[in-house]
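Residue strings, one per chain:
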Amino acid sequence: MFAINGKTAVITGDTSGIGLATAEAFLKKGAKVVIAGRNAQRGADAEGRLKRVAPDIVFRQTDTSDEDDVKALINFAVETFGSVDIMFNNVASAAWHPSTR
Ligand SMILES: NC(=O)c1ccc[n+]([C@@H]2O[C@H](COP(=O)([O-])OP(=O)(O)OC[C@H]3O[C@@H](n4cnc5c(N)ncnc54)[C@H](OP(=O)(O)O)[C@@H]3O)[C@@H](O)[C@H]2O)c1
């Protein structure tokens, strides 16, 4: 794997599931990590859990469907850690439509 030691990663949707596991893996490799989700309590819980892995991790309450929120997330990451080197857009949504066939 390429070196991520000292790099800053912003990972969206990481207060649970795949994103949370990814944030933990990045921290173990020496990255600084900003995690983001909508629910403040889940975010605080995830931040507390991840801080036991490594100290350079912060939660920012963010709804990735809101463009201004995403801009604020990136600005927050730069203000906190000085740069954004890696962006992991883990949050996704899909719209399912009934088949027309
Ligand atoms: N698990 C699978 O087998 C699988 C398979 C294929 C694809 N995926 C995709 O991989 C991604 C992660 O899956 P997962 O299973 O780890 O999901 P998950 O456990 O449901 O976690 C989703 C995370 O995203 C956050 N989130 C959801 N909507 C958000 C929004 N609008 N803005 C910011 N944060 C948001 C949630 O926190 P809040 O609710 O607090 O915002 C939570 O931290 C999803 O996009 C999913 O569609 C998963």
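Here the structure is a predicted model, which means the values were calculated and not measured.

Peer 1: I tried to follow the site of the ligand on my own but got confused; where do I start?
Peer 2: Close to the ligand lie 20 residues, the nearest being Gly13, Gly17, Gly37, Arg38 and Asn39. If you list the elements that add at least two residues to the shell around the ligand, you get helix 1 (17–28) and strand 2 (32–37). Grouping the constituent residues of the shell around the ligand by class yields four nonpolar, 12 polar and four charged.

Peer 1: Mind showing me how you'd approach helix 3 (residues 67–81) here?
Peer 2: With 15 residues, helix 3 ought to run about 21 Å at 1.5 Å a step, and its terminal C-alpha atoms sit 21 Å apart, in line with that. Within helix 3 the residues assigned to the buried category are Leu73, Ala77 and Phe81. On an axial view of helix 3, the arc spanned by its buried residues comes to 35°, and they lie on one face. Away from its buried face, by an angle of more than 90 degrees, helix 3 presents the exposed residues Glu67, Asp68, Lys71, Asn75 and Glu79. Looking at the packing, one finds that the buried side of helix 3 touches strand 1 (8–12), strand 2 and strand 3 (57–61). Of the residues one or two after helix 3, Gly82 is the one with positive phi, at around 95°.

Definitions and cut-offs
Residues numbered from 1 in each chain as written. Predicted model: local features only at pLDDT ≥ 70, side-chain atom pairs only at ≥ 80, totals over all residues. Near = placed C-beta within 6 Å. Helix = DSSP H or I, 4+ residues; strand = E, 2+ residues; numbered from the N terminus. Nonpolar A, V, L, I, M, F, W, Y, C, P; charged D, E, K, R; others polar. Expected span 1.5 Å × (residues − 1). Buried ≥ 20, exposed ≤ 12 C-beta atoms within 10 Å, placed from the backbone. Arc of directions from axis to C-beta. Contact = placed C-beta atoms within 7 Å.

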